[in-house]
Amino acid sequence: MILKRPSEIDIMAEAAVINREALEAVEPYIQVGVSTAELNKIAEDAIISRGGKPAFKGYRGFPATLCTSVNEVVVHGIPNGQPLKEGDIVSIDIGTFYRGYAADMAKTYAVGKISDKAKRLLDVTENSLYAGIEKALVGNRLGDISAAIQNVIEAAGFWVIREFVGHGIGAEFHESPEMPNYGKAGTGPVLRPGLVLAIEPMVAESRTKVRILKDEWTAPTANKSLAAHFEHTVAISKDGPRILTAQDQTPRAEYALGGVRGA
Ligand code: MF3
Ligand code: CO
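Residues numbered from 1 in each chain as written. Chains lettered and ligands numbered in written order. Predicted model: local features only at pLDDT ≥ 70, side-chain atom pairs only at ≥ 80, totals over all residues. Heavy atoms only, no water.

(A) View of the overall build of the protein. When you go through the protein residue by residue, the secondary structure sums to five helices and 14 strands. Against the globule reference of 18 Å for 263 residues, the protein gives a C-alpha radius of gyration of 17 Å, in line with a compact fold. Reported as C-alpha extents along the three principal axes, the dimensions of the protein are approximately 50 × 40 × 30 Å. Sorting the 263 residues of the protein into buried and exposed places 56% on the buried side. Counted over contacts in the protein with a minimum sequence separation of 6, partners at least 24 positions apart contribute 69%. (Helix = DSSP H or I, 4+ residues; strand = E, 2+ residues; numbered from the N terminus. Rg over C-alpha atoms; globule rule 2.2 N^0.38 Å. Buried < 20%, exposed > 50% of the residue type's maximum accessible area, 1.4 Å probe, protein only. Contact = heavy atoms within 4.5 Å.)

What follows is the structure in structure tokens.
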């Protein structure tokens, strides 16, 4: 795994601001009747006007700035002209390069009024992300993050998607280590200051595999159950995890107090 210097983390923090602001520019438009292609255009303009470059567009041939994944689509949905409907959920995944460094984030949104079960799926997935971030501490192991995420999801009766994983991020969009959203606490590489991780739990309502459609990207659950995805880019520091894609990028010292082992 690649450890970044503080000066590199500072640039990643700037990339993450652009990325977050671009997602925030999209948020007010996530409404019944808007198409994901329209959302994509807003995001692309927001990234470029801030001096960034859309990280997904052209990555292994992906054709757009956003991944827009509706209902049973877990990840990698391609924006299209179809209008969103009342009761849909839509995951929006966005990546930005700025001065040679990447940021990556995702959230799942409700379109109009959604079912109670869908709402719970969104809440649990987001909570699992923060449970993982709380374990992103110097001296902990990668498996501590994975296990914390899995615990929250399974305690709620939902299913951890296995086919996609979180990852290191930096000058490359995907760096080692790969980070599954399931695993055993106390296993895996020890976390060190300067490691930056894209932590991204993907959750389905019930046990399922994931398929890939003929477009070679869109990844729906095989059993059609709804899926959600939340992601932050997080820098590990001795002062606690820095959530670079959050509005407040300061290290969460309260997490560091929680349980640093051997540090
Ligand atoms: N957040 C996703 C990831 O980490 C997005 C990749 S989409 C792609 O891996 F189009 F760039 F592949
Ligand atoms: Co990612």
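(B) Summary view of helix α2 (residues 36–49). Its 14 residues place the ends of α2 20 Å apart at the C-alpha level, agreeing with the 20 Å of an ideal helix rising 1.5 Å per residue. For α2, the complete set of buried residues consists of Thr36, Leu39, Asn40, Ala43, Glu44, Ala46 and Ile47. Viewed along the axis of α2, the buried residues span an arc of 165 degrees, placing them on a single side of the element. Looking at the buried positions of α2, the neighbouring elements they touch are α1 (6–26), β1 (53–54), β2 (66–70) and β4 (89–98). Residue Gly51 follows α2 closely and has a positive phi angle near 90 degrees. (Expected span 1.5 Å × (residues − 1). Arc of directions from axis to C-beta.)

(C) A look at the packing of α1 against α2. Across the interface, α1 lies against α2 with an axial gap of 8 Å and an inter-helix angle of 145 degrees. For the element pair α1 and α2, the recorded crossing hand is right-handed. Each of Ile18, Ala22, Ala25 and Val26 in α1 lies in contact with α2, whose residues at this interface are Leu39, Ile42, Ala43, Ala46 and Ile47. (Axes fitted to C-alpha atoms, helices over the stretch in contact; angles between N-to-C directions. Left-handed = near helix turned anticlockwise from the far one by under 90°.)

(D) Examining the coordination of the cobalt ion (ligand 2) more closely. Taken together, the protein ligands of the cobalt ion (ligand 2) are Asp104 (OD), His167 (NE2), Glu200 (OE) and Glu231 (OE), with distances of 2.0 to 2.2 Å. Donor residues for the cobalt ion (ligand 2), ordered by position in the chain, follow D-x62-H-x32-E-x30-E. Pair noted here: Glu200 is in the loop between β9 (196–199) and β10 (202–204) and Glu231 is in the loop between β12 (227–229) and β13 (232–235), with a separation of 31 residues, a long-range link. A residue is classified by how much of its surface remains accessible, and Glu200, at 6% relative accessible area, is buried. (Donors = N, O, S within 2.8 Å, 3.2 Å for Na, K, Ca; no water.)

(E) Structural detail: the side chain of Ser225. Relative to the elements of secondary structure, Ser225 occurs in the loop between β11 (219–220) and β12. For Ser225, the contacting residues outside a window of four places in its chain are Glu72, Ala204, Glu205, Ser206 and Thr208.

(F) Examining unusual backbone geometry more closely. With an omega of 0 degrees, the peptide bond running from Ser176 to Pro177 counts as cis. Among the structural elements, Pro177 can be located in strand β8 (residues 175–179). Here Arg99, not a glycine, exhibits a phi torsion of approximately 45 degrees, which is positive. Among the structural elements, Arg99 can be located in the loop between β4 and β5 (101–110). Backbone geometry at Glu216 places phi at a positive 75 degrees, although glycine is not the residue there.

(G) Spatial organisation of the site of ligand 1. Close to ligand 1 lie 13 residues, the nearest being Phe62, Asp93, Asp104, His167 and His174. Within the side chain of His167, an N or O atom sits 2.9 Å from an oxygen atom of ligand 1. Within the side chain of Glu200, one N or O atom sits 3.1 Å away from an oxygen atom of ligand 1. In the complex, 94% of the free accessible area of ligand 1, which totals 330 Å², lies under the protein chains. For the shell around ligand 1, the class distribution of residues is six nonpolar, three polar and four charged. (Near = heavy atom within 4 Å. Polar contact = N/O pair within 3.5 Å; in protein donor to acceptor, adjacent residues only side chain to side chain. Areas by Shrake-Rupley, 256 points an atom, 1.4 Å probe, with all protein chains shown as cover. Nonpolar A, V, L, I, M, F, W, Y, C, P; charged D, E, K, R; others polar.)

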